[in-house]
Every structure is written in structure tokens, then in C-alpha cells.
Amino acid sequence: MSVVVGDSKSAAEEAYPESRPTLWEPFVFRSRCPLWLLYGFSVSATAALSPATAEELLDPVLPAETVGEIVLRTGGELSTVFEIRFVGAAEPVVVKVYDDRWQWKQEKEIYVYHLLRQHGVGPVPAVLHHGGTDNVLGRRYTVMTMLRGQPLSAVSHHLDRASLREIYRQIGAWMAAVHHIPQTAYGYVTTRVLDPEPTNTAYMTRQFHRKLREYAELGGDAALATAIEAKVARQTELFGACRHAVLCHNDVHEGNVLVAEDGGAWQVSGFIDVENAMAADPLMDLAKTDYYCVHGDRDKREALCEGYGMLPADWSERVGLYRLYHALELWDWFASIGNTAPLEGIADDIRRMTT
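Note that the structure is a prediction, hence the values are computed from the model and not measured.

What counts, and where the lines are drawn
- Residues numbered from 1 in each chain as written.
- Predicted model: local features only at pLDDT ≥ 70, side-chain atom pairs only at ≥ 80, totals over all residues.
- Heavy atoms only, no water.
- pLDDT = per-residue confidence, 0-100.
- Contact = heavy atoms within 4.5 Å.
- Axes fitted to C-alpha atoms, helices over the stretch in contact; angles between N-to-C directions.
- Helix = DSSP H or I, 4+ residues; strand = E, 2+ residues; numbered from the N terminus.
- Parallel < 35°, antiparallel > 145°, perpendicular 65-115°, else oblique.
- Left-handed = near helix turned anticlockwise from the far one by under 90°.
- Nonpolar A, V, L, I, M, F, W, Y, C, P; charged D, E, K, R; others polar.
- Pairing = 2+ DSSP bridges.
- Phe/Tyr/Trp six-rings, centres within 6.5 Å; stacked < 30°, edge-to-face > 60°.
- Buried < 20%, exposed > 50% of the residue type's maximum accessible area, 1.4 Å probe, protein only.

Which residues make up the confidence of the model for the protein chain, and what values do they have?
Do not read the fine detail of predicted coordinates wherever pLDDT is low. Residues at a pLDDT of 70 or more form 86% of the protein chain, whose mean pLDDT is 88. Note that residues 1-17 has pLDDT below 50 and, in this model, 39 contacts with residues that lie over four places away or in other chains.

If you had to explain the packing of helix H8 (residues 222-235) against helix H11 (residues 315-336) to someone new, which residues and values would you point to?
Where H8 contacts H11, the axes come no closer than 11 Å and their chain directions differ by 150°. Taken as axis vectors, H8 and H11 run roughly antiparallel relative to one another. As for how H8 packs across H11, the hand of that crossing is left-handed. Judged by residue contacts, Ile228, Lys231, Val232 and Gln235 of H8 engage Leu321, Leu324 and Leu328 from H11. Tallied by class, residues from the contact of H8 with H11 come to five nonpolar, one polar and one charged.

Tell me what's going on with the sheet that holds strand S9 (residues 246-248), and back it up with residues and numbers.
Taken in spatial order, the four strands line up as S8-S7-S12-S9 in an open sheet, and their pairing is antiparallel. Looking at the sheet topology across the chains shown, the edges are occupied by strand S8 (193-197) and S9. Each strand axis lies, on average, 25° off the axis of its neighbour in the sheet, ignoring direction. Bridge analysis of S9 against strand S12 (residues 278-280) gives three bridges, and the strand direction is antiparallel. Note on S12: the bridge partner recorded for leucine 247 is alanine 279.

Any chance you could break down the packing of aromatic side chains for me, citing the residues and the numbers?
In the structure shown here, the tally under the stated rule is eight aromatic pairs. Seen from their ring centres, tryptophan 104 and tyrosine 188 are 6.3 Å apart, and the 70° between their planes marks the pair as edge-to-face. Taken as a pair, tryptophan 104 in helix H4 (residues 103-118) and tyrosine 188 in strand S7 (residues 186-189) lie far apart in primary sequence, 84 residues in all. Residue tryptophan 104 is classed as buried on the basis of its relative accessible area of 7%. With centroids separated by 3.9 Å and ring planes inclined at 10°, the aromatic side chains of tryptophan 174 and phenylalanine 271 adopt a geometry described as stacked. With tryptophan 174 in helix H6 (residues 161-178) and phenylalanine 271 in strand S11 (residues 265-271), the pair connects residues that are 97 residues apart, well separated along the chain. The pair tryptophan 174 / phenylalanine 271 is uniform in exposure class, with both members buried. Aromatic rings pair up to connect Phe208, Phe239, Tyr322 and Tyr325 into one cluster.

Here it is as C-alpha cells:
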């Protein structure tokens, strides 16, 4: 990956300077409520794509296919996702339509999916085609293969413990494969590393400073902020244990993991949503999955670590510090959009992490 230093601020840097919790994929938080409901967004049914329009968009890659059915999968202010089903035996595809101001998000998604597939990391969607605004729709769009299965969040509470362990083992193995993709600096990834830092210590110190500033501006508890600062100061040396940045998905939760039942056994069938991808300590990635999904579940954690493979001796301490960062970031995000319902629960998590 190339790193650009001293470049003028791009639209991505202005609009999305660092990772945020995903808006659209419904993952099960402590309340067992899909995250998009907690955020106050709903899946829009207003977006429409006619068969004729779909066929025109697909003509460069699937010119001989006739559209039989179009299913709206998600829709909102950032993008709209359609499943396109064909007459005949052709496999369905996904068409993702973007508002023009999110061109950089489209470019990032294409870049990261290509990077993963280039390194043999999957299953992830294959990008079949992408286009700009010069089309009948007047909007940017990407055509991708459709992965089979359904989000793990839709079925996890029905699965027996052995099935859940096997799925988390597979998740851990997939994350380890992603983390074999090296990066040349630390930072948020688009088609390059934005505002890159040469060391993990510099990057994480900067990020904690930014999130604590946001926390104060959003009315966060001053005593809790002091406790966070004190813990980071005590454990700053842990950041230095990571000497090389790697690609991190940075959003491996149950809404972004697809599963399917094969011969009576549940298997991971795909990983989606690379919007938050970053160049970081691999344990930063594991920590987010731990905080968002594991919630102290011993079976999940053991299976995740077993699938991942060898971990450094200090992994538990480092994951603990990164969990604190993810909790702080999540509190800031909910507060920034005016959703106060989850804040106290997240604040309680932070108190436990800082004592």
C-alpha cells in the first residue's frame, strides 16, 4: 500500500477522518437490539430500481442476462443495496448504489475487497464491475457477487454451543489471514493510509487524544475521562509492542459474518462490510470483536483465539486497552448522533475497564 504524506485533505479525510461504528449492518448489542435501530435509522423502502435500469447498469458485465426480480436489501443516506435475481440459471448479484458524495467509500470498498482477494483471503464478495455517474441512474454503483448465507446475528442465539464455537474458530482463522497483509504505516485506510503514523504508539496516542476530546465536547463525565487518561498513561508501553501495521477489518461482528448450514453443520460463508478497514495492530481488530460480540462468553473467546493461532504473551493486556478505546469510540458515536439510550451501559463498561 502506498502512503501519501502532506497531501491536501481529500473528501474522505474531511467526511470520514477515522473509523466509526458501522451504521447499517444489524449486529446484536447488549440490548439484543439491531444497531441500526439504536442509531435511529431504518431501512428505506423508497429507493427503486427497475429491471430495465438494472439491465442497463449490468450490461458491461452481464449483457446476456434478463433481470427477473429485484430485492431491496438495505437503503439509507450513504448507499442502497439491491439483490438482482435473473431469469434462468445465472447466480444473483448485488448492486450497491452510492450517493455521489460517497465516491471515496465506493473506491475504498473496491480497493479493500480486491486486496483481500489478491491475498487469497475469503470468502468475500468479488467486485465484478463499477461505474460512475454517467448512467441512466445518475449515481455511482458497484456490482458484486452475492455471498450465500445470512448474518450470524440472525441465528446465533438459536445455535448450540458446539456450532457457535466452530463458527468463532473460523472467524479467528479468517482474521489471522487478514492480518498477514502488511501495511507500511498506521491509520485509517481508503485506497491509501490517511494521515499515517510511523508507529503504533504515535497512532494510538493520537486516537485516544481525539476520542477523549470528543468525549469532553459531547458532555462525557470528567472523572471517567480522567480514569481513561490515567489507564492509557500507565499502559502506553503496550502500544510499542506492535512493530508493524497490518490490514485490519475493524468491524468483525456478527452482523458482518455470514453463515450457512451445510449437511446439518453451520459454517461461515462470507465476510462483508470493509468500510472501517484500517492499518493497525492486529490485536486492535481482535479487541473490537471481543467487545462487540464476545461479552465475556468463554466459549466464544476460546474458539476465537484457537482459530486465530499463536498470540503474543501480552495479548490479554493489549486487547484490554484496545477494548477501552473501542468503548470510548462507541460512546462518542452514539452521543454525537443524539442517541443517549446506550450511553450509560457503555460508560459502565468503561468504568470496569479503568478500575
